[in-house]
Amino acid sequence: MDLQNLRNEIDRIDKEMVSLFEERMRVCEDVARYKMDNALPVLDSGREKQKLQAVAEQLPEDLQEYGVSLYDLLMELSRSAQTRLTGSANALTAEIAKAIETTPPLFPPSAMVACQGVEGAYSQMACEKLFRRPHVMYFSNFEAVFSAIEKGLCRYGVIPLENSTAGSVNMVYDLMMRHNFRIVRSVRLKVDHNLLAKPGVKLEEIREVYSHEHAISQCSSFLQAHPEIKVVRCANTAEAAKFVAESDRRDMAALSSRACAELYHLQNLASSCQDQGNNYTRFICIARQLEIYPGADRTSLMLVLPHRPGSLYKLLSRFYALGINLNKLESRPLPDRDFEFMFYFDLDTSVYSPQFMQLMGELDSVCESFSYLGSYSEVI
């Protein structure tokens, strides 16, 4: 038998499988209606376990794992279809619907905003890109920014989440697991690092350079070309510039922004020191209350999945079945739980999509726990 004949045989089998798949899903719809009429839950874990065991017993040993995986996915799709028919409304979908209805049509032009660092920080620049007239309150660390939102000291906070070259800000992801907040907008800011020193100082005089660890990693090639310069990490690029400006020493410099050169009266010894010109940092704007402004087309979630094989695959298959694309998937270890993780997702979907609302109604059935962080749009 040649290859074409084998392919024809597969096509014949697939045609039968497609017809049987449709028949199976229609029966599942009848099951959903029965459950709805009799107030029964969509998920019947005992029934699913029995079904998977029966499938395994009907297959030869070398095909059991494949068969169980196939039917596990089939039951995920069936459950999703049943949830759609029975209605996926819950407290979360009601909260989202209320936020869509009550949030003003325009993002506020002015507000009290919490930022980490000092004047001139990139977070401040992100604020000025989000708000026309922000009133910025500076805090020494990221945790203080989250606390300022929770305590109501500021309506909003602006925090860096990831950089196009240095990657994710892991400290922020860890703090996100411990604090209550909602994301209301995000912004991408082009980052340009410059070597700033006191007026009149020459590059060959510099023996120490100060900056944030991410800025240092983004300028690794420049720093490697100057091995005589000692690198010192600090909390913020603007704090580095301020420290250099206030120091009595002339052999120090900071990797910071052009704005900080003007703000702290420093000269620019080397412009655009970063390894890549296309260097962007993504900032999120957080609030205590859920606000969903018109045009929201990105949603962020934090999920903890059951610690067993296939949990992440089942979740991703649910996204795929609903036609929802992922912009980002990040994992962070859970404190006090060995080799278990929190997953962070950015979903590319309109908040007005019925598939989005269906997903929000289904997540608690596939996750051990999850947090809806908000739906928003990104300023570029």
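Whatever comes next refers back to the structure up there.
Here the structure is a predicted model, which means the values were calculated and not measured.

Overview of the overall build of the chain
Working step 1: Check the secondary structure of the chain and you find 13 helices and 16 strands.
Working step 2: Relative to its length of 380 residues, the chain is extended, with a C-alpha radius of gyration of 27 Å against a globular reference of 21 Å.
Working step 3: Structurally, the chain occupies a C-alpha span of about 80 × 55 × 40 Å along its principal axes.
Working step 4: In the chain, which comprises 380 residues, the proportion classed as buried is 47%.
Working step 5: A separation threshold of at least 6 residues defines the contact pool for the chain, and within that pool the share at least 24 residues apart is 76%.
Working step 6: Surface exposure of the chain reaches about 19700 Å², of which carbon and sulfur atoms provide 52%.

Examining the sheet that holds strand β9 (residues 252–256)
Working step 1: Reading across from one edge, β8-β7-β9-β6-β10 is the order of the five strands in this open sheet, with mixed pairing throughout. Looking at the sheet topology across the chains shown, the edges are occupied by β8 (230–233) and β10 (267–270). Taken over all neighbouring pairs, the strand axes of this sheet differ in orientation by 35° on average, direction set aside.
Working step 2: By the bridge criterion, three bridges tie strand β6 (residues 194–197) to β9 in an arrangement that is antiparallel. Bridge pairing links N194 to S256 in β9.
Working step 3: Taken strand by strand, helix α10 (residues 237–246) contacts β6, β7 (208–211) and β9, and its axis lies near 155° from that of β9.

Describing the packing of helix α2 (residues 45–57) against helix α3 (residues 64–86)
Working step 1: Close contact between α2 and α3 brings their axes to 9 Å; oriented N to C, the two are set at 150°. For the element pair α2 and α3, the recorded crossing hand is right-handed. Along its contact with α2, which presents E48, K51, L52, V55 and A56, the element α3 presents Q64, G67, V68, Y71, D72, M75 and R79.
Working step 2: The residue inventory of the contact of α2 with α3, partitioned by class, reads six nonpolar, two polar and four charged.

Here's the deal with the pattern of salt bridges
Working step 1: Taken as a whole and judged by the stated rule, the model has 25 salt bridges.
Working step 2: When the shortest N-O distance is used, the salt bridge between D30 and R33 registers 3.2 Å. Of this pair, D30 and R33 both sit in helix α1 (residues 3–37), separated by three residues, roughly a single helical turn.
Working step 3: When its relative accessible area of 47% is taken as the criterion, D30 is described as partly exposed.
Working step 4: R282 serves as the salt-bridge partner of E378, at 2.7 Å between the closest nitrogen and oxygen. With a gap of 96 residues between them, E378 in strand β16 (residues 378–379) and R282 in strand β11 (residues 280–287) connect regions that are remote in the sequence.
Working step 5: One salt-bridge network, held together by shared partners, links E162, R188, R282, R298, K328, E330, D346 and E378.

Examining the environment of A97
Working step 1: Turning to its location among the elements, A97 is positioned in helix α4 (residues 91–102).
Working step 2: A relative accessible area of 37% means that A97 is categorised as partly exposed.
Working step 3: In sequence terms A97 and F339 are 242 residues apart; their C-alpha atoms lie 36 Å from each other.

Description of the packing of aromatic side chains
Working step 1: Per the stated rule, a full pass over the model turns up eight aromatic pairs.
Working step 2: Judged by centre distance (5.8 Å) and plane angle (35°), the rings of F107 and Y156 are tilted. Placement of the pair is F107 in the loop between α4 and β1 (110–116) and Y156 in strand β3 (residues 156–163), with a sequence separation of 49 residues. As far as burial versus exposure is concerned, F107 and Y156 are alike and both buried.
Working step 3: Taken together, the ring pairs in this structure connect F107, F131, Y156 and Y293 into an aromatic cluster.
Working step 4: The aromatic ring of Y280 is capped on one face by R188, whose charged end is 5.3 Å from the ring centroid.

Here's the deal with α2
Working step 1: Here α2 spans 19 Å end to end across 13 residues, near enough to the 18 Å set by a 1.5 Å rise per residue.
Working step 2: Buried within α2 we find E48, L52, V55 and A56. In an axial view of α2, the angular spread of the buried residues amounts to 100°, which keeps them on one side of the axis. The exposed set on the far side of α2, more than 90 degrees from its buried face, consists of Q50 and E57.
Working step 3: Buried residues along α2 sit against α3.

Quick word on a nonpolar patch on the surface
Working step 1: Among the surface-exposed residues, I13, M17 and L70 lie close enough to one another that they form a single nonpolar patch of about 260 Å² accessible area.
Working step 2: By the secondary structure assignment, L70 is in helix α3.
Working step 3: In this structure L70 comes out as partly exposed when scored by relative accessible area, which is 43%.

Remarks on the environment of R132
Working step 1: Mapped onto the elements, R132 comes out in the loop between α5 (122–130) and β2 (133–139).
Working step 2: Distance in space between the C-alpha atoms of R132 and F283 is 16 Å, their sequence separation being 151 residues.

Digging into the nonpolar core
Among soluble globular proteins, nonpolar side chains are generally buried collectively.
Working step 1: Judged by nonpolar contacts, the single largest core of 26 residues is most densely connected at F146, I159, V172, M176, I183, I286 and Y344.
Working step 2: Only α6 (142–150), β3, α7 (170–176), β11, β12 (298–304), β14 (341–348) and β15 (369–376) provide two or more residues apiece to this core.
Working step 3: Looking at which element gives the most residues to this core, the answer is α6, with five residues.
Working step 4: Those residues in contact with M176, other than ones at most four positions away along the chain, are F146, L161, F181, M302, Y344 and L373.
Working step 5: Judged by nonpolar contacts, the second largest core, of 24 residues, contains A99, L305, L315 and V366.

Reading the values: the criteria
Residues numbered from 1 in each chain as written. Predicted model: local features only at pLDDT ≥ 70, side-chain atom pairs only at ≥ 80, totals over all residues. Heavy atoms only, no water. Helix = DSSP H or I, 4+ residues; strand = E, 2+ residues; numbered from the N terminus. Rg over C-alpha atoms; globule rule 2.2 N^0.38 Å. Buried < 20%, exposed > 50% of the residue type's maximum accessible area, 1.4 Å probe, protein only. Contact = heavy atoms within 4.5 Å. Areas by Shrake-Rupley, 256 points an atom, 1.4 Å probe, with all protein chains shown as cover. Pairing = 2+ DSSP bridges. Axes fitted to C-alpha atoms, helices over the stretch in contact; angles between N-to-C directions. Left-handed = near helix turned anticlockwise from the far one by under 90°. Nonpolar A, V, L, I, M, F, W, Y, C, P; charged D, E, K, R; others polar. Salt bridge = Lys/Arg side-chain N within 4 Å of Asp/Glu carboxyl O. Phe/Tyr/Trp six-rings, centres within 6.5 Å; stacked < 30°, edge-to-face > 60°. Lys NZ or Arg CZ within 6 Å of the ring centre and 35° of its normal. Expected span 1.5 Å × (residues − 1). Arc of directions from axis to C-beta. Patch = residues over 30% accessible without salt bridge, like charges linked within 9 Å, V, L, I, M, F, W, Y side chains within 5 Å. Core = buried A, V, L, I, M, F, W, Y, C linked by side-chain atoms within 4.5 Å.

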